[in-house]
Each structure stands twice: as C-alpha cells, then as structure tokens.
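Coordinate inspection notes
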Amino acid sequence: RAGLSAAAAGAAAVQGLAFLQAADFYTQALELGEPPPDERRRLLTKRAETLTHAGRGRAAGESFEQAAALASSAAERHESRLLRSRAAEPYLVSGFVERGVAVLAPLLTELGLPYPSSSGSALLGTFAQLPRLVHRFRRLDANPPRRIDLPDSVSARIDTCHTAAKGLVVVDPLRGTYFSVRSLADALAQGHAWRVGRGLSVVGASMAPIRGPLGRLLRPLAGRMLRRSRDLAQQLDDPYLQGMASISMAQES
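So, here is what we can say about the structure in this document. Only a predicted model underlies this, so the values are computations on that prediction, with no experimental measurement involved.

Here's the deal with the packing of aromatic side chains
Considering all chains together, one arrives at three aromatic pairs under this definition. An aromatic cluster is defined as three or more aromatic residues linked by ring pairs; in this entry it consists of Tyr 115, Tyr 178 and Phe 179.

Here it is in structure tokens:
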C-alpha cells in the first residue's frame, strides 16, 4: 500500500511540476513494493521522464536503460528500442556523450543504420542523401503527406535518427546533421505528415544559417522547408509542431 501511495504521490507531483520530488516518490514506489515487471518498467519510465524534465540527464538515462532491460521478450522489442532511444537522448544533451553513443550506436546498427565512423563520413553521407531528400520534398504537392500509421520497425528508424540528431547537433554537428537529413528523407519516403513536419523544421533550421556559396544554394531550400513545416503544423493543429515551426522560423530570420 505504501508503494501504491508513493506512485500516486509521484503522479500528483508531476502535475505540480515538482519533478525532482516526483522522481523521489517513484523511487520510493519501486523500493517499497515488489511490483511485477510490467509495473516496474512503467515506474522506471515515469521516473526517467521526471528526471529528464528536471535536467538530471545521467540519472534519467540510467532509469530508461533499466526500464529497457525489463522489455526483453520478442513481443516487447519495439518497446525496448523506444526506451533505449529515450535513454540516449538525455545522456547526449547533458554532456555524457560517450555513454549516449554507447547506447545509441548498437541500437542504430540493430535498425540497419550504421553510425558514421568519422565526421568526414557523416558529411559524405549527408551529401549522398540530399538529392533523394530534395526530390521527395519537391514532390510534396503531388504526394502530400498524410495521417497514417507506420510499422513499428519503420517508425523506430525515423525516430531514432531524430533522437540522434537532437542529441548530437551541438556536440557533433556533422553527425547531427547526417541523422536529421536521414530522418527527414525516410519520413518523406513514408509520407507520414507529423514526422515530415518535424523533420522539415529541424533540417530547415540547420540549413538556414549556412553562409558562403553553399549557403546561397541551400538557404532558399531551407526557407521553403520551414514554410512547409509551418503549414503542416497548422493543418495538423499540433501544438508541438507549431512550437517547433515558430522557433525555426525565428532562427531563419
């Protein structure tokens, strides 16, 4: 009963934005009772989320990894991948880059997405993908993205690339750009409206600041991507995409 009460207190603390207090309550819920594996995984995930919101990246990553370890059956493979991807992001953005890459690289390999061995190979990979991305972007009017469901394996590839892009863009910009371009190219190939909108914001914002001859080539494309991401956010009436589009448009200006 104490464990159940602690879990309820954790949920209440989250509603009050008291994230560190919530994490403490979820820790108590894990220690006071003996929850079955599914409930233990849920509590570990909740604790990881609250630690992420509190800016405790290392502790959040560890909690996500512990939750992923409890999703070990074949039926839970997608859940395990999702949790491992979520573990990598707080490690990377909080400065624990080696730990984040140690989680991320095997997951990418498992999904058929090699981790670039060097910044040079990441740059070459980005340029190799650009023609495919630009071609599909230009065909958006003829083939507009839709609200569709994707197979778990496909959504995992797109979303893990997006996680890698978010986590690496500051500490390793070339690899971060490679994964953002890869995520958008795959989202365009699938025609998934929400993921296309997200990817256009990220890639457009990364291209907009480029200067010199390459910038003169890419900036018009970046502007079109950002405007299209804003239009998609409005069509989908999605606050998250609308926020991303607004920030990206502001960065362009």
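Quick notes on the packing of helix α5 (residues 77–93) against helix α6 (residues 97–110)
Direction vectors running N to C along α5 and α6 enclose 150°, while the axes themselves pass 8 Å from each other. As the angle between them shows, α5 and α6 are arranged roughly antiparallel. You can see that α5 and α6 cross each other, and the crossing is left-handed. Contacts from Arg 81, Arg 84, Ser 85, Ala 87, Ala 88, Tyr 91 and Leu 92 of α5 reach α6 at Val 97, Arg 99, Gly 100, Val 101, Val 103, Leu 104, Pro 106, Leu 107 and Glu 110.

Examining the environment of Asp 149
Among the secondary structure elements, Asp 149 is positioned in the loop between α7 (119–138) and α8 (152–168). Between the C-alpha atoms of Asp 149 and Glu 76, which are 73 residues apart in sequence, the distance is 19 Å.

Quick look at the environment of Ser 201
Within the secondary structure layout, Ser 201 lies in helix α10 (residues 193–207). With a relative accessible area of 1%, Ser 201 lands in the buried category. For the pair Ser 201 and Gln 235, spaced 34 residues apart in sequence, the C-alpha separation works out to 15 Å. Filtering out sequence-adjacent residues up to four positions away, Ser 201 remains in contact with Leu 226, Ser 229, Met 244, Ala 245 and Ser 248.

Re the pattern of salt bridges
Summed over the entire model, instances satisfying the criterion amount to 17 salt bridges. Between Glu 110 and Arg 84 there is a salt bridge whose closest N-O contact spans 3.0 Å. With a gap of 26 residues between them, Glu 110 in helix α6 and Arg 84 in helix α5 connect regions that are remote in the sequence. Classification of Arg 84 as buried rests on a relative accessible area of 19%.

Focus on the environment of Lys 166
Turning to its location among the elements, Lys 166 is positioned in helix α8. Among all residues touching Lys 166, those that are not within four sequence positions of it are Glu 89 and Val 93.

Describing a nonpolar patch on the surface
Residues Leu 123, Phe 127, Leu 174, Leu 214 and Leu 217 make up a contiguous nonpolar surface patch of about 440 Å² in total accessible area. Only α7 and α11 (212–236) provide two or more residues apiece to the nonpolar patch. Note that Leu 123 resides in helix α7. In this structure Leu 123 comes out as partly exposed when scored by relative accessible area, which is 37%.

Side note on unusual backbone geometry
Phi is positive for Leu 17, which is not a glycine, with a value near 65°. Inspection of the secondary structure assignment puts Leu 17 in the loop between α1 (2–15) and α2 (19–32). Non-glycine residue Asp 237 carries a positive phi angle of around 55°. The residue Asp 237 is located in the loop between α11 and α12 (239–252) in this model. For Asp 237, a relative accessible area of 59% translates into the label exposed.

Quick notes on the rules
- Residues numbered from 1 in each chain as written.
- Predicted model: local features only at pLDDT ≥ 70, side-chain atom pairs only at ≥ 80, totals over all residues.
- Heavy atoms only, no water.
- Phe/Tyr/Trp six-rings, centres within 6.5 Å; stacked < 30°, edge-to-face > 60°.
- Axes fitted to C-alpha atoms, helices over the stretch in contact; angles between N-to-C directions.
- Helix = DSSP H or I, 4+ residues; strand = E, 2+ residues; numbered from the N terminus.
- Parallel < 35°, antiparallel > 145°, perpendicular 65-115°, else oblique.
- Left-handed = near helix turned anticlockwise from the far one by under 90°.
- Contact = heavy atoms within 4.5 Å.
- Buried < 20%, exposed > 50% of the residue type's maximum accessible area, 1.4 Å probe, protein only.
- Salt bridge = Lys/Arg side-chain N within 4 Å of Asp/Glu carboxyl O.
- Patch = residues over 30% accessible without salt bridge, like charges linked within 9 Å, V, L, I, M, F, W, Y side chains within 5 Å.
- Areas by Shrake-Rupley, 256 points an atom, 1.4 Å probe, with all protein chains shown as cover.

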